[in-house]
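Structural overview
So you can see what is in the structure, the chains are spelled out below.
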Amino acid sequence: MSTTSVPRFVRADGPDKVTGSGRYTADLTLTGTLVAKFKYAEVSHARIARLDVSAARAIPGVFAVLTQDDVPDVRFGPFVQDRTLFARDVVRFEGEIVAAVAAIDVPTAQRALNAIVVEYAPLPVVNDIEAALAADAPLVHEGWSQYGAADVLVRERNDASFASIAKGDVERGMAEADTVVHSRYVADGCHAAPIEPRAVVAQWEGNKVTIWTTTQVPFDARAGVCETLEMPASRVRIIVPHLGGGFGGKCGFHYEAHVAALAKATKRPVRLVFSRREEFIAPDRRREGIVFDFETGVKADGTIVARKVWLAIDNGAYTADAGFFSQLAAMHALGPYQVPNALAEAHLVYTNHQPSGSVRAPTAPQTCWALESHTDEVAKAIGMDPVAFRIKNAVATGKEGPSGQVYDEIGLVDCIEAATARAGYGDDLPDDEAIGVAIGWWPSFSAASGAYVKIDGDGSGQIITGAQECGTGAVMTLRQLVADELGMQPEDFELVYQDTSAAPYDMGATGSQTLFNNGRAAIAAAGQIAEQLKQLAADMLEASPADIVLADGAASVAGTPSRSVPITELAGIAAGGELLIGHGSGVPPAAQEVSGATCIGDVGMTAWVAPQFSCHAVRVKLDRDTGVARVLHVSTAHDSGTIINRIGATGQVEGGVMMGIGQALTEGTRYNDEGQQRNAALLEYKLQTCADAPPIDIHFVEINTPNAGPRGAKGLAEAPNVATAAAIANAIAKIAGTPIRQLPMTAERVWETMNTEGSPA
Amino acid sequence: MSFTIATTLDEALQALATGARPVAGGSDLVVGARHGKAPLPEHLVAIDRITELQCIEVTDAGVCIGAGVNHHIIEHHPLLSNAFAGLSDGSALVGSPSTRNVGTLGGNVMNSSPAMDTGSPLMVLGAEAELRSLRGSRRVGMAELWTGPGRHSAEADELCVAIHIATPAPRSNSAYLRLEYRRSMEIAVVGAAAAVTIADDGSVSAVRVALTAVAPTIIEVTGIGLGSVAEVAAAAAAAASEQARPISDVRASDKYRRHTVGVMARRAVEAAARRALGEPVSVPVNRAIGIGAAS
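Residues numbered from 1 in each chain as written. Chains lettered and ligands numbered in written order. Predicted model: local features only at pLDDT ≥ 70, side-chain atom pairs only at ≥ 80, totals over all residues. Heavy atoms only, no water.

1. Looking at the overall build of chain A
Regarding its fold elements, chain A presents 18 helices and 29 strands. Here the C-alpha atoms of chain A give a radius of gyration of 27 Å, agreeing with the 27 Å that 2.2 N^0.38 yields for 761 residues. By the burial criterion, 63% of the 761 residues in chain A qualify as buried. If you take every contact in chain A between residues at least 6 apart in sequence, the share linking residues at least 24 apart comes to 79%. Accessible surface, chain A: about 25800 Å² in total, of which carbon and sulfur atoms supply 51%. For chain A, the distance from the average site of its 61 positive side-chain charges to the average site of its 90 negative ones is 4 Å. (Helix = DSSP H or I, 4+ residues; strand = E, 2+ residues; numbered from the N terminus. Rg over C-alpha atoms; globule rule 2.2 N^0.38 Å. Buried < 20%, exposed > 50% of the residue type's maximum accessible area, 1.4 Å probe, protein only. Contact = heavy atoms within 4.5 Å. Areas by Shrake-Rupley, 256 points an atom, 1.4 Å probe, with all protein chains shown as cover. Lys, Arg positive; Asp, Glu negative; His and termini not counted. Charge placed at Lys NZ, Arg CZ, Asp CG, Glu CD.)

2. Description of the overall build of chain B
The helix and strand tally for chain B stands at 12 helices and 14 strands. In summary, chain B has a C-alpha radius of gyration of 18 Å against a globular reference of 19 Å for 295 residues, a match within 12%. With respect to the three principal axes, the spread of C-alpha positions in chain B is 55 × 45 × 35 Å. Contacts in chain B between residues far apart in sequence, at least 24 positions, make up 62% of those at least 6 positions apart.

3. Looking at helix H7 (residues 256–266) of chain A
Residues and elements named next belong to chain A. The buried count for H7 comes to 9 of 11 residues, which makes it a mostly enclosed element. The set of residues buried in H7 consists of Glu256, Ala257, His258, Val259, Ala260, Ala261, Leu262, Ala263 and Thr266. The positive-phi residue at the C-terminal boundary of H7 is lysine 267, with phi of around 55°.

4. A look at the confidence of the model for chain A
Overall, the predicted model of chain A reaches an average pLDDT of 95, with 98% of residues at or above 70. Confidence drops under pLDDT 50 across residues 1–6 of chain A; counting only partners more than four residues distant or on other chains, this segment forms 15 contacts. (pLDDT = per-residue confidence, 0-100.)

5. Observations concerning the packing of helix H16 (residues 646–665) of chain A against helix H17 (residues 724–736) of chain A
When two helices pack together, their arrangement is given by the angle between their axes and by how far apart the axes lie. Residue and element names in this part refer to chain A. Where H16 meets H17, the closest approach of the two axes is 7 Å, and the angle between their N-to-C directions is 50°. Here H16 lies oblique to H17, going by the angle between them. As for the relative orientation of H16 and H17, their crossing is right-handed in sense. From H16, Gly656, Val657, Gly660, Ile661, Ala664 and Leu665 reach across to H17, where they touch Thr724, Ala725, Ile728 and Ile732. Residues that form the contact of H16 with H17 fall into these classes: 7 nonpolar, 3 polar and no charged. (Axes fitted to C-alpha atoms, helices over the stretch in contact; angles between N-to-C directions. Parallel < 35°, antiparallel > 145°, perpendicular 65-115°, else oblique. Left-handed = near helix turned anticlockwise from the far one by under 90°. Nonpolar A, V, L, I, M, F, W, Y, C, P; charged D, E, K, R; others polar.)

6. Side note on the packing of aromatic side chains
Residue and element names in this part refer to chain A. Enumeration according to the criterion identifies 18 aromatic pairs over all chains in this entry. Measuring from centroid to centroid gives 6.4 Å for phenylalanine 38 and phenylalanine 274, while their planes differ by 90°, and the two rings are edge-to-face. With a gap of 236 residues between them, phenylalanine 38 in strand E1 (residues 34–40) and phenylalanine 274 in the loop between strand E13 (270–273) and helix H8 (276–281) connect regions that are remote in the sequence. We classify phenylalanine 38 as buried; its relative accessible area is 3%. (Phe/Tyr/Trp six-rings, centres within 6.5 Å; stacked < 30°, edge-to-face > 60°.)

7. Regarding the environment of Ala551(A)
Residue and element names in this part refer to chain A. Note on placement: alanine 551 falls in strand E21 (residues 548–551). Judged by relative accessible area, which is 31%, alanine 551 ranks as partly exposed. Taking the C-alpha atoms as reference points, alanine 551 and glycine 487, separated by 64 residues in sequence, lie 3.8 Å from one another.

8. Here's the deal with the pattern of salt bridges
For side chains bearing opposite charge, pairing can occur when the charged atoms are close. Under the defined criterion, the tally for this structure stands at 50 salt bridges over all chains. The shortest N-O distance in the salt bridge between Glu469(A) and Arg11(A) comes to 3.3 Å. Residue Glu469(A) is found in the loop between strand E19 (461–465) and helix H13 (474–486), and its partner Arg11(A) is found in the segment before helix H1 (14–19); the two are separated by 458 residues along the sequence. Given the relative accessible area of 23%, Arg11(A) is considered partly exposed. The shortest N-O distance in the salt bridge between Glu196(A) and Lys250(A) comes to 2.9 Å. Separated by 54 residues along the polypeptide, Glu196(A) in the loop between strand E9 (179–187) and strand E10 (199–205) and Lys250(A) in the loop between strand E12 (236–239) and H7 bring together distant segments of the chain. Exposure class is identical for Glu196(A) and Lys250(A). Each is buried. Connected via shared salt-bridge partners are Asp623(A), Asp625(A), Arg266(B), Arg267(B) and Glu270(B). (Salt bridge = Lys/Arg side-chain N within 4 Å of Asp/Glu carboxyl O.)

9. As for the sheet that holds strand E7 (residues 136–141) of chain B
All names here are of chain B. In space, the 5 strands of this open sheet follow the order E4-E5-E10-E6-E7, with antiparallel pairing throughout. Taken across any chain shown, the strands that pair with only one partner, and hence form the sheet edges, are strand E4 (56–58) and E7. For this sheet the average axis-to-axis angle between neighbouring strands, irrespective of direction, equals 20°. Here 5 bridges tie strand E6 (residues 128–133) to strand E10 (residues 159–166), and the two strands are oriented antiparallel to one another. Counterpart to arginine 132 in the pairing with E10 is leucine 159. Across the face of the sheet, helix H1 (residues 9–17) comes into contact with E6 and E10 while running at roughly 120° to E10. (Pairing = 2+ DSSP bridges.)

10. A few points about the interface of chain A and chain B
The interface is formed by 25 residues belonging to chain A together with 27 residues belonging to chain B. Summed over both sides, the interface of chain A with chain B buries roughly 2300 Å², with 54% coming from carbon and sulfur. The largest share of the area that chain A buries against chain B comes from Arg630(A), Lys686(A) and Glu748(A), three residues that together contribute 24% of it. Linking chain A with chain B are 6 salt bridges. Across the pair Arg251(B) and Glu684(A) runs a salt bridge, and its minimum N-O distance is 2.8 Å. Where the side of chain A that touches chain B is concerned, the elements lending two or more residues are strand E26 (609–623), strand E27 (628–639) and helix H18 (747–754) of chain A. Take the side of chain A that touches chain B: its biggest share by element is 4 residues, from H18(A). Here the side of chain A that touches chain B is built from residues that sort into 10 nonpolar, 4 polar and 11 charged. (Buried area = accessible area lost by both parts, 1.4 Å probe.)

11. Some thoughts on the sheet that holds E21(A)
Sheet strands line up and pair through hydrogen bonds in the backbone, either parallel or antiparallel. All names here are of chain A. Spatial strand order, E21-E22-E23: 3 strands in an open sheet with antiparallel pairing. Each having just a single partner strand, E21 and strand E23 (560–566) make up the two edges of the open sheet. On average, each strand axis in the sheet is inclined to that of its neighbour by 35°, with strand direction left out of account. Sheet topology places E21 next to strand E22 (residues 554–557); 4 bridges connect them, and they run antiparallel. Within the sheet, the bridge partner assigned to isoleucine 548 lies in E22 and is valine 557. Here helix H15 (residues 567–575) sits on the sheet in contact with E21, E22 and E23, set at roughly 45° to E23.

12. Observations concerning the domain arrangement of chain A
All names here are of chain A. Each domain of chain A was delimited in the assignment, giving domain 1 (18–123 + 198–273), domain 2 (290–445 + 593–754) and domain 3 (447–584). A straight line from the C-alpha centre of domain 2 to that of domain 3 covers 38 Å. Each partner contributes residues to the interface: domain 2 has 19 residues there, and domain 3 has 18 residues. In this assembly, domain 2 packs against domain 3 so that about 1300 Å² is buried in total across both faces, 59% of it on carbon and sulfur atoms. Together, Phe445, Pro710 and Arg711 form the three largest contributors to the area buried by domain 2 at its contact with domain 3, with a combined 43%. The interface formed by domain 2 and domain 3 holds 1 salt bridge in total. A salt bridge links arginine 711 to aspartate 484, with the shortest nitrogen-to-oxygen separation between them at 2.8 Å. In this assembly, domain 2 and domain 3 are joined by 5 residue pairs in polar contact (both at pLDDT 80 or more). Elements supplying a minimum of two residues to the side of domain 2 that touches domain 3: strand E17 (433–444), E26 and H16. In terms of residue class, the side of domain 2 that touches domain 3 is built from 10 nonpolar, 6 polar and 3 charged. (Domains from an automatic or database assignment. Polar contact = N/O pair within 3.5 Å; in protein donor to acceptor, adjacent residues only side chain to side chain.)

13. Some remarks on unusual backbone geometry
The step from Leu743(A) to Pro744(A) runs through a cis peptide bond, and the omega angle for that step is -5°. Here Pro744(A) is to be found in the loop between strand E29 (742–743) and H18. In this structure, the amide linkage connecting Val283(B) to the following residue, Pro284(B), adopts the cis form with an omega of -5°. Tracing the sequence through the fold places Pro284(B) in the loop between helix H11 (254–276) and helix H12 (285–288). Even without glycine at this site, Gln498(A) takes up a positive phi of about 65°. Along the polypeptide, Gln498(A) turns up in the loop between strand E20 (493–497) and helix H14 (514–541). Taking relative accessible area as the criterion, Gln498(A) reaches 3% and is therefore assigned buried. In this structure, Met185(B) takes a positive phi of about 55° despite not being glycine. By the secondary structure assignment, Met185(B) is in the loop between strand E11 (172–179) and strand E12 (190–198).

Here it is in structure tokens:
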């Protein structure tokens, strides 16, 4: 199967970014721009006894101070409408916005924040996920039952979304098992931590507003502005300059409406630029902490007969896009295994923490970490090699997964075999080293998406797309797809993107969906132009359009290359007649119907379109004296369907693995007793650095995937982040003699575990 | 607010005498101001263009390292990285390549952080800081210089112009290790340096051990008995854990720090002894052996 159609791939946005000529949102300056600053709650749970902004408003140079009284009183949220732009009556986490200031400069804005008077009456802080589920636990939202919410959600007090997946008879399955293994794991929350902090600039002209913003999802951001400021979509334009990373953290609707409201009130452009601390505490997008309880029943021959999982996800103070996390986590907790009798129950629990939301493969890395650690415990309990155990029980082509989906052509077992072989699994290692193995999965997300393509009179082309480039290279790859379709070169096309008023809808840089869906749209748009070019060439060359081939920048008659005309010449002709304009969308692939399981709180996460699979085998060295673990080598194998842009795909795997190493070892939010983050800074929240990067071996299992994206591609951006932490955990457990039950597996936690009485180490 | 660029030491000392604060690489001062740790001083005098502060002078008696010498130079200097390897170990771990290219030894010393990577090496090497003012010059040992976290005994008009280290006895060398959670942009969770002299019979005839990030200042460990390398390493570990006064914070608990500083002390003694015996242990030790090694 052909994989890469060009040997060299130069990103269209690469030179701008590398040379510094590219412009990011914070770089934009419009005449008369004011500075925006937010007043945050700082406390985790309290009733606002008094809020007085009059002194702040009176400061010279302060143009506006806004509170919830100054904007439409709209409750919003994609799953549960539990949030307002500014705090109304109650603050529920430290990063909640109480007021916003627009001032002439930063010091004046800061003085205004200091002059805002807020008095709080403390409310009990809900700081523990499990305690929050107790019948008598303090409520994070007293009025939860009155909120609007998606009909499918099952809600009760602090439980914002309960989901279960039940298949077969789990109790009977357990009774039939020769061995039942029970495990508990706890994953701390962590952050997307993009290097570019959030920024928003808004400017009004008449009754229309243009907002430049650091979003991964421009159309979603627009919808948020429309909903909260009560405006039609046609009067809101979202433009995203270059985006400095997102990792999911910049999905959703954030501060666009706040800044637009300030700009409207002041009749001036207004710019908001976050500090690193704000980036840590305020957004409703951080990776959720989860508590897990697993029970797996297994036969002596290694056959899984039953699995029971209970898990509780830290929703934080507001639901953001986490409404579907319960069912998604339940799927990941059952895992890519053939489980005939399964029961997974998942709760999404309100706490007084920063809200959770989609960060690169939401719920998956930490759930995979817990499940795969448990899986090694199960294999160990029956004395079976953990890789052999996985191969025996993994889902495979034609086999039924835990939700009842029967899988088409998939390559999970190929991934396990490739990753372990390439890692040298089974070879002798020093006694302070081990190879841990884990498998993961992730859906491809099918969605509506659109693009235009045009070729101007000089033969140069433009792709005008609603898709968003957040660094993955997915939008950049559109040039390759369109060029291939038209027999042209990627460099022949400029990209016009990240502007909601220029291009048709796309869901944005979320769910690894850009190439999967927008690639389909761009190919369809290019296809229309291809038809036009063939007709023009056919007329000139006196041939049938069906016999015209587009290749190497020319249209020629099949089998007679001498009868040929350059595409630039055809473009010149078209410029005086019917213009070369194509538009495309295409039909999104449909999910399979699933009938094997009973699901409560079903948000459509049990049947996956073009599911992706992966296996990571990681060699780790452990310093037994200090608990410091070091990743020496990572071997990866991914079934993400056809790889279209190999350089971009490689970058995604490398980035996903590095993020996974951070999640495994050093990245985790620490809370104090009041629910406030203790390490909201890059010095104390330790991302991995280039110096920490091990060699990463990358292998793609490319099999023919039915019902997938363009040329058989699946998604890829999130999948490489799923299995790394789990594989590291299994390596550490082998050396330490016991699993580390809390994520991140910091050096101190490893050391504590090894030195706890009764530990086998 | 004023910013003066001094090109001679006298200009710098004049500026200090009238209340200015010195800035060399700015890697502590500017970063600290940005993070709200301390505002930028009202008057600054830049000392990075004073050539006298850039020299490394080697004599039979010892080495004089100008306060403006940066960490990159200390890491790679052929004499320092051989004869005073513990100091090079420390400089090689500071921040990132860009921090090491601007951050200076004098800045590190006068910032007086208990987590500074050059601190415990300087202490075990018996280094002295040369403090100069319009009033004169004096030399101060490290234990006397550092008085608390971010605090030192120099007067406001005194500039640290150089660090002096006496030539070690034959068959001596030093090493510094730190506990780190990542290999770049890191601050020592704990650290330890050792300077060791090996007698003809292979036993340790002199040892000094100092500890990083386990007390309000860098501290020296006392009462380590002599003996074989293994015995001294074990004694140093026990004494380090015993004498450390660590805090609990988001980086580590006091219990874990107390344990791991002993591990670092033991490894520092072992690495210093290997170097003293002429065995090559490359700079920094954190990348040469053990968990942080390159492969």
